[in-house]
Amino acid sequence: MGKKAKPSNNNNENSINPIEYYDITMNILFAIVSEPYYLFHFLTFFSYFSIRLSTSHLFSDQFAGYLLHREFQAIVAFVTLAVVKMVKEETWDGFIADTLVFAKLLLVGISLVVDFHLALWYMLTFLVIYLFTQQPAYMGLGSATQLTPLQLESLLTEGGTSRFWLVEFRSSLSSSCIRTSRVLPELSITFSNKNISFGVVDLGLFPNTAARFGISLGVPDQLPTYILFENAEEVSRFPDMHSANKSSDITKKCLCRHFELDKHLLDYIGGK
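Residue positions are counted from 1 within each chain, in the order its sequence is given. With pLDDT at 70 or above as the cut-off, local features in this predicted model cover only qualifying residues; side-chain atom pairs require 80 or more to be listed or tallied, and sums for whole chains, interfaces and linings still use all residues. Just so you know, side-chain values use all the structure's heavy atoms and leave hydrogens and water out.

Asker: What am I meant to see in the packing of helix α5 (residues 92–114) against helix α6 (residues 116–132) here?
Answerer: Packed helices, taken two at a time, are described by the angle their axes make and the gap between the axes. At their nearest, the axes of α5 and α6 sit 6 Å apart, and the two run at 155 degrees to each other. In terms of orientation, α5 lies roughly antiparallel with respect to α6. Between α5 and α6, the contacting residues are Lys104, Leu107, Val108, Ser111, Leu112 and Val114 on the first element and Phe116, Leu118, Ala119, Tyr122, Met123 and Phe126 on the second. Within the contact of α5 with α6, the residues separate by chemical class into 10 nonpolar, 1 polar and 1 charged. Orientation is described by axes fitted as lines to C-alpha atoms, over the contacting stretch for helices, and by angles from 0 to 180 degrees between their N-to-C directions. Starting at the N terminus, helices and strands are each numbered in turn, a helix being any DSSP run of H or I of at least four residues and a strand any DSSP run of E of at least two. Any angle between 65 and 115 degrees counts as roughly perpendicular, while under 35 counts as roughly parallel, over 145 as roughly antiparallel, and the rest as oblique. Every residue pair with non-hydrogen atoms within 4.5 Å of one another is taken to be in contact. Throughout, the ten residues Ala, Val, Leu, Ile, Met, Phe, Trp, Tyr, Cys and Pro are labelled nonpolar, Asp, Glu, Lys and Arg are labelled charged, and all others, Gly among them, are labelled polar.

Below, the structure written as structure tokens:
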């Protein structure tokens, strides 16, 4: 008899470890509980189910069937939009921001079917959440360094261990910066070496620093701005001051190509 074929390991290689599922789930639950932005959204969405169940006996059979049909349409529309966004959006922060917008629009639409006053209550609730809370930025730094303006000036003028510094100028108050907050940290994990280092400066904490580096906080699409320095001299930036590039164009692939990070990595490997 021939030897029994060994089972393929492809399924094991492609499957996600259950521990990873657990970690992802716990991170989501922790964010919901610890971040007011996510907590208030969760409670608001959950309140609809509570209201729906407690008032279902007030609806006629015909209206209950009509409402159920509309709810099913809203769920299908939400899932479809979420899947499309998941494919197109590069960062989880951008995906979450967009899916929350979809969910809020659909919830208000369904509430209009139930009662105008309920829809008005949800609109006011979302307005309050918008005014008093903010989506948190990605907290990880990867191999990047959180810098103050003084630390950055010191690194650029006095020199340091790295020949190049790629610095992101962002603001914790900017939704565009929050959407792209994990781009630089993830790039730093791959491309950080002795020749090039990565840093982050929060202009929301140090607004006077913006003019020093030619950044206008009052101009849309100026944040985040990425500047590559070589021996204290600016080599390039993205987006350029007078270019048509927008913050929505910022992706890891775009920054990697613009700043030639692959070339810098190959130069380091080749000993240049």
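Asker: Looking at this model, I keep getting lost on the nonpolar core. Mind explaining?
Answerer: In globular proteins that are soluble, nonpolar side chains generally tend to be buried together. The biggest cluster of nonpolar side chains holds 19 residues, and the ones touching the most others in it are Leu166, Phe198, Tyr226, Leu255, Phe259 and Leu261. Of all the secondary-structure elements, those providing two or more residues to this core are β2 (164–170), α9 (183–191), β3 (196–202), β4 (225–230) and α11 (252–258). Considering each element in turn, this core owes the most residues, 4 residues, to α9. Residues belong to one nonpolar core when they are buried, are Ala, Val, Leu, Ile, Met, Phe, Trp, Tyr or Cys, and are joined through side-chain atoms within 4.5 Å. Relative accessibility decides the category of a residue: with a 1.4 Å probe and only protein chains considered, values under 20% of the type maximum give buried, values over 50% give exposed, and everything between is partly exposed. Listed in part, the 17 residues of the second largest apolar core include Tyr38, Phe45, Phe59 and Ile110.

Asker: What's the story with a nonpolar patch on the surface in this structure? I'm lost.
Answerer: Patches in this entry comprise residues that are over 30% relatively accessible and not in a salt bridge; like charges within 9 Å are linked, as are nonpolar side chains (Val, Leu, Ile, Met, Phe, Trp, Tyr) within 5 Å. Methods summary: accessible areas were calculated by the Shrake-Rupley approach with a probe of 1.4 Å, and residue burial reflects only the protein chains presented. Definition used for salt bridges: Asp or Glu carboxyl oxygen within 4 Å of a side-chain nitrogen of Lys or Arg. On the surface, Leu112, Phe116, Leu120, Met123, Leu124, Leu127, Val128, Tyr130, Leu131 and Phe132 cluster together to form a nonpolar patch covering roughly 1100 Å² of accessible area. In terms of residue count, the dominant contributor to the nonpolar patch is α6 (9 residues). Note on placement: Leu131 falls in helix α6. For Leu131, a relative accessible area of 55% translates into the label exposed.

Asker: What am I meant to see in the packing of helix α4 (residues 61–88) against α5 here?
Answerer: Interhelical geometry of α4 versus α5 gives an angle of 165 degrees and a closest axis separation of 10 Å. Comparing the axis directions of α4 and α5 gives the class roughly antiparallel. Classified by chirality, the crossing of α5 by α4 is right-handed. Side by side, α4 and α5 meet where Phe63, Tyr66, Leu67, Arg70, Glu71, Ala74, Ala77, Phe78, Leu81, Ala82, Lys85 and Met86 of the first sit next to Trp92, Phe95, Asp98, Thr99, Phe102, Ala103, Leu106, Ile110, Val113 and Val114 of the second. Across the contact of α4 with α5, the residue classes tally to 17 nonpolar, 1 polar and 4 charged. In this scheme the crossing of two helices becomes right-handed for a clockwise turn of the near helix relative to the far one and left-handed for an anticlockwise turn of less than a right angle.

Asker: What is the right way to read the packing of aromatic side chains from this model?
Answerer: Think of a pair of aromatic rings as described by two things: how far the centres are apart, and how the planes are tilted against each other in angle. Pairing of aromatic side chains here covers Phe, Tyr and the six-membered ring of Trp, requires ring centres within 6.5 Å, and sorts the geometry by plane angle: under 30 degrees stacked, over 60 edge-to-face, intermediate tilted. By the definition in use, this model includes 11 aromatic pairs. Linked through ring pairs, Phe45, Trp121, Tyr122 and Phe126 together constitute an aromatic cluster. Charge-over-ring placement is defined geometrically: NZ (Lys) or CZ (Arg) within 6 Å of the ring centre, and within 35 degrees of the ring normal. Between the NZ or CZ atom of Arg212 and the centre of the ring of Phe213, over which it lies, the distance is 4.6 Å.

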